[in-house]
Structure formats: structure tokens, C-alpha cells
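What follows is the residue order along each chain.
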Amino acid sequence: NAGVTQTPKFRILKIGQSMTLQCAQDMNHNYMYWYRQDPGMGLKLIYYSVGAGITDKGEVPNGYNVSRSTTEDFPLRLELAAPSQTSVYFCASSDQWTGLSNQPQHFGDGTRLSIL
Amino acid sequence: DQQVKQNSPSLSVQEGRISILNCDYTNSMFDYFLWYKKYPAEGPTFLISISSIKDKNEDGRFTVFLNKSAKHLSLHIVPSQPGDSAGYFCAASVNNDMRFGAGTRLTVKP
């Protein structure tokens, strides 16, 4: 059982490059989330989606874009990579919004991104 | 602004003793609280949660206590085991807003 799969696990980018972080879940969950975790800090919500075709901003959306064309996939796009976007990125999914039920989020193992 | 704080970056306890991890929050509107466990190079995994209408929730060796007047929650692990050594993150939620603390690294010594 795969759960939430993130690719790649590691990536180094140059300033100004673009890339897409992939996230896929096989649990048929409606809700999907993207977080970033900086050293010594908690996870911060970048974007989330409540279902295919519906996305919304989280706490720190600037510099990122998302799309949700299918239930399974929720890619995160960095258009112009900046050093401030060096972080570990986690994708998660849940059947319902975690705060409204006892349905916890299931996390992928993260993508470690360095921008030099 | 950090609405959820875990002021102890690390905690070390002896195997078999109690581990108490603390979390403070500032937003009184939070209505759901969760604890996640995280091993290095892995994503967080859900541990236990509590609704704001309760003050205690227990699941095996793990108990979460919520003190709304103090805006404080704690996770108790009894008895602590070496396999509990990991990072622990508290999170708080209201509507579509979810905030995480910076985490506490627990080390349980044999």
C-alpha cells in the first residue's frame, strides 16, 4: 500500500529555474495539502485542495502554484526558484478536512529542495 | 506569527518513565488539536488528536490533555520506550487553517 508518494526525494535547483514537485495518493482522498518545513520550524501550509479542480491558498502560497486535475495527483510548481524556497516539502492527504473530523492527514516522505 | 509553539526543542527521558511533551497556542478559535510523530527522512504520522470540547483523550500509552483556559496541550507517553525516540509535532486547526509547532525531539534512553 503506497499511501502518499512524493517525487523526487532530493533536488538541487539554480536560482530562477522552475520545477514541479509531484504528489500522488492512492487512498481516494478528497483533501490534499502541500507543506514546507524550514529548519527549526513547524510545517507551514502552502496550498490545499478539497477535490479535483478546487484549490486554495494556505499560509505561505507566494512563489508557488498548484493544480488538481485528478483526485490522485496534486503537483506543486515553482516557477522562478529563489533561495528562500530551500526547504523540505511534504504532501499530505485526508478523507475529510482534518480539523472537522478525526480523519488525520497521511504524509509523504518529503522532497528536500535546495536552491543555490 | 507563530500561533502554535513548542518551547522545548528536545527532551530526554529514561525508558519506562513518563514523557511529557508540551504545546502552547495563542488562537482561542482553534477547535481541533493533533499530535504527529516524525522519524528523520520520513513524513509525519498521526499519533492522537483531541477536540476542543474535551479535555483528555487516551489511546494506549498516549494521552493528550487540553487546557483551554491556559491555551495549552500536552502529550503524555507512559511508559516511554526506546522506539518512541522521534520528533513530535503538535498541530491546531480551525476551519481551513492548520498550524504546526516547531517540534520536540524526544530521546528515550534504555
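These remarks concern the structure in this document. Nothing here was measured: the structure is a model prediction, and the numbers come from that model. Think of each chain on its own: its residues are numbered from 1, step by step along the sequence as written. The lettering of chains begins at A and the numbering of ligands begins at 1, in the order of writing. Two thresholds apply to this predicted model, a pLDDT of at least 70 for residue-level local features and 80 or more for giving and counting side-chain atom pairs, whereas whole-chain, interface and lining totals are computed over all residues. Side-chain numbers come from the whole structure's heavy atoms, not from hydrogens or water.

## Comments concerning the layout of surface pockets
- Approximately 580 Å³ is the volume found for the largest pocket.
- Method remark: on a 1 Å grid restricted to protein atoms, a set of points is classed as a cavity if a 1.4 Å probe fits but cannot get out and as a pocket if it is open with protein on both sides within 12 Å along at least five of seven lines; lining residues have an atom within 4 Å of a point. Lining the largest pocket are 29 residues; nearest its centre among them are Q37, V88, F90 and R112 of chain A together with K38 of chain B.
- Counting only elements with at least two residues in the lining of the largest pocket, the list comes to β9 (87-94) and β11 (111-115) of chain A together with β9 (86-94) and β11 (104-109) of chain B.
- Going along the chain from the N terminus, every DSSP run of H or I of four or more residues is numbered as a helix, and every run of E of two or more is numbered as a strand. Ranked by the residues each element gives to the lining of the largest pocket, the list is headed by β11 of chain A, at 4 residues.
- For this scheme, ten residues count as nonpolar: Ala, Val, Leu, Ile, Met, Phe, Trp, Tyr, Cys and Pro. Four count as charged, namely Asp, Glu, Lys and Arg, and the remainder, Gly too, count as polar. Split into classes, the residues belonging to the lining of the largest pocket amount to 12 nonpolar, 10 polar and 7 charged. Grid points are joined across faces, edges and corners, and a volume is the space filled by probe spheres set on the points.

## Let's talk about the state of the cysteines
- Any two cysteine sulfur atoms within 2.5 Å of one another count as a disulfide. A complete count under the given rule lists 2 disulfides over all chains for this structure.
- Note that C23 of chain A is cross-linked by a disulfide to C91 of chain A, the S-S spacing being 1.8 Å. When the S-S torsion is -70°, as for the bridge of C23 of chain A with C91 of chain A, the disulfide is left-handed. Here the residue C23 of chain A occupies a position in strand β3 (residues 19-25), and C91 of chain A occupies one in strand β9, the gap between them amounting to 68 residues. A single burial state applies to C23 of chain A and to C91 of chain A, both of which are buried.
- In this model C23 of chain B forms its disulfide with C90 of chain B; the gap between the sulfur atoms is 1.9 Å. Of note, the bridge from C23 of chain B to C90 of chain B carries an S-S torsion of about 65° and is right-handed in sense. For each residue, the accessible area found with a 1.4 Å probe, counting protein chains only, is set against the maximum for its type, and the residue is called buried under 20%, exposed over 50%, and partly exposed in between.

## Description of the packing of aromatic side chains
- Working definition: a ring pair exists when centres of Phe, Tyr or Trp rings (six-membered ring for Trp) sit within 6.5 Å. Plane angles under 30 degrees give stacked, over 60 give edge-to-face, the rest tilted. Tallied over the full model, the rule gives 12 aromatic pairs over all chains.
- With a centroid separation of 6.5 Å and an interplanar angle of 85°, the aromatic rings of F107 of chain A and F100 of chain B are classed as edge-to-face. Placement of F107 of chain A in strand β10 (residues 106-107) and of F100 of chain B in strand β10 (residues 97-100) is noted, with the two residues assigned to different chains. Both residues of the pair, F107 of chain A and F100 of chain B, belong to the buried class.
- On the numbers, 6.1 Å between centres and 65° between planes, the contact of Y25 of chain B with F30 of chain B is edge-to-face.
- Taking relative accessible area as the criterion, F30 of chain B reaches 3% and is therefore assigned buried.
- Taken together, the aromatic side chains of Y33, Y35, F90 and F107 of chain A together with Y36, F46 and F100 of chain B make up a single cluster linked through ring pairs.

## A word on the side chain of S93 of chain A
- On the secondary structure map, S93 of chain A appears in strand β9.
- In terms of polar contacts, S93 of chain A uses its side chain to reach the side chain of H29 of chain A, at 2.8 Å. Polar contact is the term for a pair of N or O atoms within 3.5 Å; when the atoms are in protein, one must be able to donate a hydrogen and the other to accept it, and sequence-neighboring residues count only if both atoms are side-chain atoms.

## Overview of the interface of chain B and chain A
- Whether two residues touch is decided by their heavy atoms; if any such pair falls within 4.5 Å, the residues are in contact. Contacts between the two partners involve 22 residues from chain B, matched on the other side by 21 residues from chain A.
- When two parts are brought into contact, each loses some accessible area as probed by a 1.4 Å sphere; the total of that loss over both is the buried area. Both faces considered, chain B and chain A share a buried interface measuring about 1700 Å² in area, 59% of it formed by carbon and sulfur atoms.
- Considering only the surface of chain B that becomes buried against chain A, N96, M98 and F100 of chain B emerge as the three largest contributors, covering 30% of it.
- For this analysis, a salt bridge means a side-chain nitrogen from Lys or Arg found within 4 Å of a carboxyl oxygen belonging to Asp or Glu. Counting the contacts that link chain B with chain A gives 1 salt bridge.
- Between R99 of chain B and E59 of chain A there is a salt bridge, with its nearest N and O atoms 3.1 Å apart.
- Those elements that provide at least two residues to the side of chain B that touches chain A are β4 (32-38), β9 and β10 of chain B.
- Its residues assigned to classes, the side of chain B that touches chain A comprises 10 nonpolar, 6 polar and 6 charged.

## Considerations on unusual backbone geometry
- Here the amide bond leading from T7 of chain A into P8 of chain A is cis, since omega sits at -5°, within 30 degrees of zero.
- Of note, P8 of chain A is situated in the loop between β1 (4-7) and β2 (10-13).
- At the junction of V78 of chain B and P79 of chain B, the peptide bond is cis and its omega measures out at -10° in the coordinates.
- Along the chain, P79 of chain B falls in the loop between β8 (72-77) and β9.
- Unlike most non-glycine residues, K71 of chain B shows phi in positive territory, near 50°.
- In this fold, K71 of chain B is placed in the loop between β7 (62-67) and β8.

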